[in-house]
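# Observations on the three-dimensional arrangement
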Amino acid sequence: LGRMKPVIVVHGGAGRIFKEREEGCRAGVVRAALRGYRVLKQGGSAVDAVEEAVRSMEDDPHFNAGCGSVLNEKGEVEMDAIIMDGKNLDSGAVSAVKCIANPIKLARLVMEKTKHMLLTDHGAHLFAQAMGIPEIPGEKLITERSRERWKKNLEPDSNPQEFQKDLGTVGAVAIDSEGNVACATSTGGLSNKLIGRVGDTACIGSGGYADNHSGATSTTGHGESIMKVVLARLILYHMEQGMSPEVAADTALDYMKTRVGGLGGVIVVNKAGDWAARFSTKQMSWATVKDDNLHYGIYAGEKHIKSVDEALASEREGF
C-alpha cells in the first residue's frame, strides 16, 4: 500500500476582510496550516491535524471562533463546532456553548467519549465539566472589536446584515499518510443573532463532512443558506460523480447562490490528496500545505507559494 502524502487545508472564514485585518488573517491561517501539517508529518492522524489547526484559530482573536467570537443579541458569546473522521463517519459537535476556550476540543470529546454526535448549551456545559475542561469567564472570549460591532448593531438604524459579511468561521480539512480524511469547523456564529441560534457549523453535512471514500470539506458563509443546500455533503456528492475538488466546490457554491441567494466559501481535499479553496464572497482567508509547499491567499485569484522551511523561518521571526 503506497503511503499518502499528507495534505492540510484551512480557512479563516469567507466574507469581507477589512484592510486593517488582512495581515492578521493571513498570518493566522498560515500558522494554523503549518501547525496542522506538523502534526501530519509527525505521523499524527487527520483528526489530530484538523483539531490542532482549528484550535490555533480559535485562540487567535482575528477570527470569529473561540476568542474573538461575535456576540449574540444579549451581548454573549455562544459558539458551535464540529469534527468528523472519514474513516468510520464518526462525528462530534457542540452548539451554543459558552465559557470555554476551545469548542473544537469539546466536539472531539463528544465524538470519542459519548455515543452521541451533538450536545447543546447546558448539556454540553455539564459534559465539559465532567471531562475536566476548564471554564473561563465569558468576558475572556470577548474582544473590543466584537463588543463595538454588537453595540453598532443595536442602534435603531443599523443593519446587522451588513456586518454579517465579515463572518470568519474557521475550518480545516486534511488527509494523513494512511489515507484517512477529516474535517473540523468552529464559529461564534452571526453577530447579534437570537439567543440559541445554531447555524450550519454544528450540523453534519452542512458545516463539514468527511468520508474516506470521497474526501472532506469544511464550509463558511451564510449558515442558513448552507443548511438549505447541505453544502458540505453536496460537494462530496459532486466528487463522487467524478468532479475535481475545484469543480465540485464551484458547482455547489453556484447552486447555493442561484437557488437560495447564499454566499460562502469551502475548502476541500479528495481521497487522492487533491485540494481546493473556493468562495463566492469577496474574500476568504485560506492556506494549504502539500509536498512541503505552503500556498495561501485571501482574494480571488491570489495565491502565494513558499516552501514550508521558509514559512517556518518567517513564522519564528513573527510575520
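Since we're looking at a predicted model, the values are computed, not measured. All chains use their own residue numbering, which begins from 1 and follows the written sequence. Thresholds applied to this predicted model are a pLDDT of at least 70 for local features of residues and 80 or more for the giving and counting of side-chain atom pairs; totals over whole chains, interfaces and linings are not thresholded and use all residues. Remark: hydrogens and water are excluded; side-chain values derive from all non-hydrogen atoms of the structure.

Throughout this description, buried means an accessible area under 20% of the type-specific maximum (1.4 Å probe, protein chains only), exposed means over 50%, and partly exposed covers the range between. By the criteria applied, helices consist of DSSP H or I runs no shorter than four residues and strands consist of E runs no shorter than two, each listed in order from the N terminus. The buried fraction of strand E5 (residues 170-175) is high, at six of six residues. Alternating positions in E5 separate into two faces, Val170, Ala172 and Ala174 on one and Gly171, Val173 and Ile175 on the other, with burial throughout. For two strands to be treated as a pair, DSSP must find no fewer than two bridges joining them. In terms of strand pairing, strand E1 (residues 7-15) meets E5 through five bridges, oriented antiparallel. Its bridge partner lying in E5, His11 is registered against Gly171. Pairing between E5 and strand E6 (residues 181-187): six bridges, direction antiparallel. From the neighbouring strand, Val170 faces E6, where its bridge partner is Ser186. Between the end of E5 and the start of E6, which pair antiparallel, lie five residues, with Gly179 showing a positive phi angle near 85 degrees.

Moving on: the packing of aromatic side chains. Two aromatic rings, drawn from Phe, Tyr or Trp (for Trp, its six-membered ring), form a pair once their centres lie within 6.5 Å of each other, and the interplanar angle then sorts them: stacked below 30 degrees, edge-to-face above 60, tilted otherwise. Scanning all chains against the criterion turns up one aromatic pair. Ring centres 5.6 Å apart and planes at 40 degrees place the aromatic pair Trp275 and Trp286 in the tilted group. With Trp275 in strand E10 (residues 275-279) and Trp286 in strand E11 (residues 283-290), the pair connects residues that are 11 residues apart, well separated along the chain. For Trp286, a relative accessible area of 4% translates into the label buried.

The subject of this paragraph is the side chain of Glu78. As for its position among the elements, Glu78 is in the loop between helix H2 (46-58) and strand E2 (79-85). Residue Glu78 is classed as buried on the basis of its relative accessible area, which comes to 2%. Counted as a polar contact is a pair of N or O atoms within 3.5 Å, where, for protein atoms, one must be capable of donating a hydrogen and the other of accepting one, and residues adjacent in sequence contribute only when both atoms are in side chains. Within the local environment of Glu78, its side chain forms a polar contact with the side chain of Asn72, the two groups lying 3.4 Å apart. Apart from residues lying up to four places away in sequence, Glu78 is in contact with Asn72, Ala96, Val97, Lys98, Thr187, Gly188, Lys193, Leu194, Ile195, Gly196 and Arg197. Only heavy atoms matter for contacts: two residues are in contact if any of them lie within 4.5 Å across the pair.

Let us now look at the UniProt feature "binding site: substrate" (unreviewed entry) in the protein chain. UniProt positions are given in the numbering used here, feature names are shortened, and annotations may be inferred rather than shown by experiment. The positions UniProt marks with the feature "binding site: substrate" (unreviewed entry) are Arg197, Val198, Gly199, Asp200, Thr220, Gly221, His222 and Gly223. With respect to the helices and strands, the residue Gly199 is situated in the loop between E6 and strand E7 (208-211). Leave out the neighbours within four places in its chain, and Gly199 touches Asp80 and Met227. Take Gly221: it is sitting in strand E8 (residues 215-221).

Those residues of helix H4 (residues 121-130) that fall on the buried side of the exposure criterion are Ala124, Phe127 and Ala128. Projected down its long axis, H4 shows its buried positions confined to an angular sector of 105 degrees, all on one face. Summarising the geometry of H4, the exposed residues directed more than 90 degrees from the buried face are His122 and Ala130. Buried residues along H4 sit against strand E3 (90-97), helix H3 (103-113) and strand E4 (118-120). By arc we mean the arc of the directions from the helix axis to the C-beta atoms, nothing more.

This next bit is on the environment of Ile298. Following the sequence through the fold, Ile298 ends up in strand E12 (residues 293-299). When its relative accessible area of 0% is taken as the criterion, Ile298 is described as buried. For the pair formed by Ile298 and Glu144, sequence separation is 154 residues and the distance between their alpha carbons is 24 Å.

Once that is clear, we can look at the state of the cysteines. Defined by distance alone, a disulfide is two cysteine sulfur atoms within 2.5 Å. In this structure the tally under the stated criterion is zero disulfides. Among the cysteines around Cys183, which has no disulfide bond, Cys203 carries the closest sulfur, lying 13 Å off. Relative accessible area serves as the criterion here: at 24%, Cys203 is assigned to the partly exposed category.

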